[in-house]
Amino acid sequence: MSVKIVYQDIAAGAAEDAAATTQDAKPFCSPDRLPFEEENAVPLASLEPNHWLLDGSREIVDGQDIRFWSAAMSDADGVFETPPEISITFTARYTSPGVFLRFDAASGEYCTCVTVQWRRGEALLAEETFQPDSAEYFCSQTVEAYDRITFRLHATNLPYRYAKLSQVVFGVTRVFLRDELRNVKITAEVSIISSEIAVNTLDFTLDSEENLAYMFQLKQPVSAYDGDRLIGVFYIDSATHRAAELYDVSCIDAVGVLDEDQFPAAVYDGYPVRALLEEILDGHFDLLLDASLSASTMTGYIPECSRREALQQVAFALCAIVDTSGTGAIRVYKDRENTPSRFPLNRAYTGGSVETSAIVTAVRVTAHTYSLTGSGNDTVQAGGKTYYHTTAITTINNPKATASDKQNVIEIDGATLVNPGNVPAVAQHIYDYYTKRERQSAKIVMNGEQPGDRIAMSTPWGSLISGYLTRMNIVLSGIAAADCEVIGTEVNAVGEPEIRYSGEFFAGGI
């Protein structure tokens, strides 16, 4: 395994903001789809000479997602008498290192001459003519603060062809491998009870082997891999250009991006969870919702807060976990409470420690009720209405607490989606979590582990901590290693030899 960083050097938000128009396309085309990736593209049959192979590989045109086919056909030399033109406009201004064009990738045909103009209002910022030599081609031209791009397609690589364009990307995807990367570090963390939702982070230094000026714009996506295994998708938060080809880059995950945007106050009564979560994500990120939660509803109140805080309120009330590890989406899922997987000793470093937290003597959880009728001064405002707020407390006492134990009561009173209907389950979930008093620190060699996994890990003295992998500080190099935290309970180990990795195995590698 080895480290790989995939950097989408694109204008963040440009695809969603783009409006593509043309007067030169066939009537069945959807040029407004040009900024988005084409799925399941197949070669299509047309009346172009020598194009319709009779081997069953072509589909008849019938409602497929066709973005742009020119109305006119090129001549015997592949040249258009009047070049078809496409214009893309934006409501905001964007900067990118060029545009990536995907022509007819399914058949491998393309345009051999394309003129691109970048404008800001009516001002021409740049104009360049490119000669693509494949069905996927990057038109390299850094332009800042443009709000319109125009394409003129002059010629095709074969005679008597329609100009076909399936996607326009406002930038390019770049892949950085181990030889160009230094100090690649990832912090990934979950809260089993969602008392908070951590922001996962990626930091790396790029020592580029290419003489290119990278812009590393805010919120551009960056994917981190251990070999071919995706560890996470992140978004650029800051970057420092330290030398000609040397950059320090810091990234946050989707949860961190959500923390930068506000969510309005609202009161809910049996509102579908999926609909609420999608409103919180606001179309910025895909939602992976556990099937066991798909029919759940929410009742209660979310005050005006960040979208990250709103997501935390929902997850806490659902007794669910939120994570972005290993995916480009936001996962909201229930702990399956399956049998923990025994972590192999031959992937654990020597050493480590276990800290035992103080016993929790009780858990007290406040349930909230919001009504349009009532009395008193305890009210909230949402959607232009006043709601009267009442509370009730559910307490679970720890029967194992003794008179000599110091009182240690966990108070939960700010979870405003906890209501009389779900408070018993929430209180029990919180109590069960706090009975797991052992916090183990250990260093491992990774093989697909993610925060939230249920594992059983050996202690230096031979017992096991059975619980949850809650935090991973990952270093990616020749070997992916992680300083981990496991929260659980101590149990007896059975029949496994004490064989662990030692530091000398990785001299110079981590």
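Residues numbered from 1 in each chain as written. Predicted model: local features only at pLDDT ≥ 70, side-chain atom pairs only at ≥ 80, totals over all residues. Heavy atoms only, no water.

*Asks:* I'm lost on the packing of aromatic side chains in this one. Help?
*Replies:* For any two aromatic rings, the description comes down to two numbers: the centre-to-centre distance and the angle of the planes. In this structure the tally under the stated criterion is 16 aromatic pairs. A ring pair is formed by tyrosine 7 and phenylalanine 176, whose centres lie 6.2 Å apart and whose planes are at 25 degrees; its orientation type is stacked. Separated by 169 residues along the polypeptide, tyrosine 7 in strand β1 (residues 3-10) and phenylalanine 176 in strand β10 (residues 171-177) bring together distant segments of the chain. The two residues tyrosine 7 and phenylalanine 176 agree in class, both being buried. Among the aromatic side chains, those forming a connected cluster through ring pairs are Tyr7, Phe176, Tyr214, Phe216 and Tyr247. When the ring centre of tyrosine 225 is taken as origin, the NZ or CZ atom of lysine 4, which lies over that ring, is 4.7 Å away. A cation over an aromatic ring shows up here: lysine 443 above the ring of tyrosine 349, its NZ or CZ 4.7 Å from the ring centre. (Phe/Tyr/Trp six-rings, centres within 6.5 Å; stacked < 30°, edge-to-face > 60°. Helix = DSSP H or I, 4+ residues; strand = E, 2+ residues; numbered from the N terminus. Buried < 20%, exposed > 50% of the residue type's maximum accessible area, 1.4 Å probe, protein only. Lys NZ or Arg CZ within 6 Å of the ring centre and 35° of its normal.)

*Asks:* Help me understand the side chain of arginine 119, please; the structure alone is not making it clear to me.
*Replies:* Following the sequence through the fold, arginine 119 ends up in strand β5 (residues 111-120). At 3.2 Å, the side chain of arginine 119 forms a polar contact with the backbone oxygen of glutamate 122. (Polar contact = N/O pair within 3.5 Å; in protein donor to acceptor, adjacent residues only side chain to side chain.)

*Asks:* What is the right way to look at the packing of helix α3 (residues 273-281) against helix α4 (residues 307-318) in this model?
*Replies:* Their axes nearest at 9 Å, the elements α3 and α4 cross at an angle of 160 degrees. Classified by the angle their axes make, α3 and α4 are roughly antiparallel. Between α3 and α4 lies a crossing whose hand is left-handed. For the pair α3 and α4, contact is made by Val273, Leu276, Leu277, Glu279 and Ile280 and by Arg307, Ala310, Leu311, Val314 and Leu318, respectively. Split by residue class, the contact of α3 with α4 holds eight nonpolar, no polar and two charged. (Axes fitted to C-alpha atoms, helices over the stretch in contact; angles between N-to-C directions. Parallel < 35°, antiparallel > 145°, perpendicular 65-115°, else oblique. Left-handed = near helix turned anticlockwise from the far one by under 90°. Contact = heavy atoms within 4.5 Å. Nonpolar A, V, L, I, M, F, W, Y, C, P; charged D, E, K, R; others polar.)

*Asks:* What is the right way to look at the environment of leucine 158 in this model?
*Replies:* Structurally, leucine 158 can be placed in the loop between β7 (136-156) and β8 (162-165). Owing to a relative accessible area of 33%, leucine 158 belongs among the partly exposed residues under this scheme. For the pair leucine 158 and glycine 78, spaced 80 residues apart in the sequence, the C-alpha separation amounts to 5.6 Å.

*Asks:* Is there a simple way to think about the sheet that holds strand β18 (residues 287-289) in this case?
*Replies:* Through backbone hydrogen bonds, the strands of a sheet pair up, either in parallel or in antiparallel fashion. One open sheet holds the three strands; their spatial order is β18-β22-β21, and the pairing between them is mixed. Two strands bound the open sheet, and with one partner strand each, they are β18 and β21 (321-323). Adjacent strand axes in the sheet meet at a mean angle of 15 degrees when their direction is disregarded. Judged from the three bridges that link them, β18 and strand β22 (residues 330-333) form a sheet pairing that is parallel. Looking across to β22, one finds that leucine 287 is bridged to isoleucine 330. Here α3 sits on the sheet and contacts β18 and β22; the angle it forms with β18, its principal contact strand, is near 155 degrees. (Pairing = 2+ DSSP bridges.)

*Asks:* It is not clear to me how the sheet that holds strand β25 (residues 362-371) should be interpreted in this structure. Could you clarify?
*Replies:* In space, the four strands of this open sheet follow the order β26-β27-β25-β28, with mixed pairing throughout. A strand with exactly one partner marks an edge of an open sheet, and here the two such strands are β26 (379-382) and β28 (409-412). Within this sheet the neighbouring strands show an average axis-to-axis angle of 30 degrees, counted without direction. In this fold helix α5 (residues 423-434) packs onto β25, β27 (385-397) and β28, with an angle of close to 155 degrees to the strand it touches most, β25.

*Asks:* Could you clarify how one ought to interpret the confidence of the model for the chain in this entry?
*Replies:* In regions of low pLDDT, the predicted coordinates are not meant to be interpreted in detail. Looking at the chain, the pLDDT average stands at 91 and 95% of residues meet or exceed 70. Low confidence marks residues 495-510, where pLDDT is under 50. Its contacts with residues over four positions away, or in another chain, come to 38 contacts. (pLDDT = per-residue confidence, 0-100.)

*Asks:* Can you help me understand the environment of alanine 456 in this one?
*Replies:* With respect to the secondary-structure elements, alanine 456 resides in strand β30 (residues 454-458). According to the relative accessible area criterion, alanine 456 is buried, its value standing at 7%. Linking alanine 456 and serine 466, residues 10 residues apart in sequence, is a C-alpha distance of 4.2 Å. The residues touching alanine 456, leaving out its near neighbours within four places in the chain, are Pro340, Ser341, Arg342, Phe343, Leu464, Ile465 and Ser466.

*Asks:* What should I look at first to understand α5 in this one?
*Replies:* What sets the pattern is the α-helix's 3.6 residues per turn: residues three or four places apart point alike. For α5, with 12 residues, the first-to-last C-alpha span of 16 Å sits near the 16 Å given by 1.5 Å per residue. Taken together, the buried positions of α5 are occupied by Val423, Val426, Ala427, His429, Ile430, Tyr431 and Tyr433. Along its buried surface, α5 packs onto α4, β25, β27, β28 and β32 (481-491). (Expected span 1.5 Å × (residues − 1).)

*Asks:* Would you mind showing me how to read the pattern of salt bridges here?
*Replies:* One side chain can pair with another of opposite charge once the charged atoms of both are near each other. Applying the stated criterion across every chain, the model contains 21 salt bridges. Of the charged contacts, one joins arginine 33 and aspartate 65 as a salt bridge, the two residues approaching to 4.0 Å between their closest N and O atoms. Here arginine 33 is found in the loop between β2 (19-21) and β3 (68-73), whereas its partner aspartate 65 is found in the loop between β2 and β3, with 32 residues between them in sequence. Judged by relative accessible area, which is 33%, aspartate 65 ranks as partly exposed. Linking arginine 307 and aspartate 282 is a salt bridge whose minimum nitrogen-to-oxygen distance equals 3.7 Å. Within this pair, whereas arginine 307 is found in helix α4, its partner aspartate 282 is found in the loop between α3 and β18, the two being separated by 25 residues in sequence. Given a relative accessible area of 9%, arginine 307 falls into the buried group. The exposure class assigned to aspartate 282 is partly exposed, which follows from its relative accessible area of 40%. (Salt bridge = Lys/Arg side-chain N within 4 Å of Asp/Glu carboxyl O.)

*Asks:* Would you mind showing me how to read the pairing of strand β6 (residues 123-130) here?
*Replies:* Note on strand geometry: in a regular strand, side chains alternate between the two faces of the sheet. Where β5 and β6 come together, seven bridges link them in antiparallel fashion. Bridging across to β6, valine 116 finds its partner in glutamate 128. Here β5 hands over to β6 after two residues, with glycine 121 in that stretch at a positive phi of 65 degrees.

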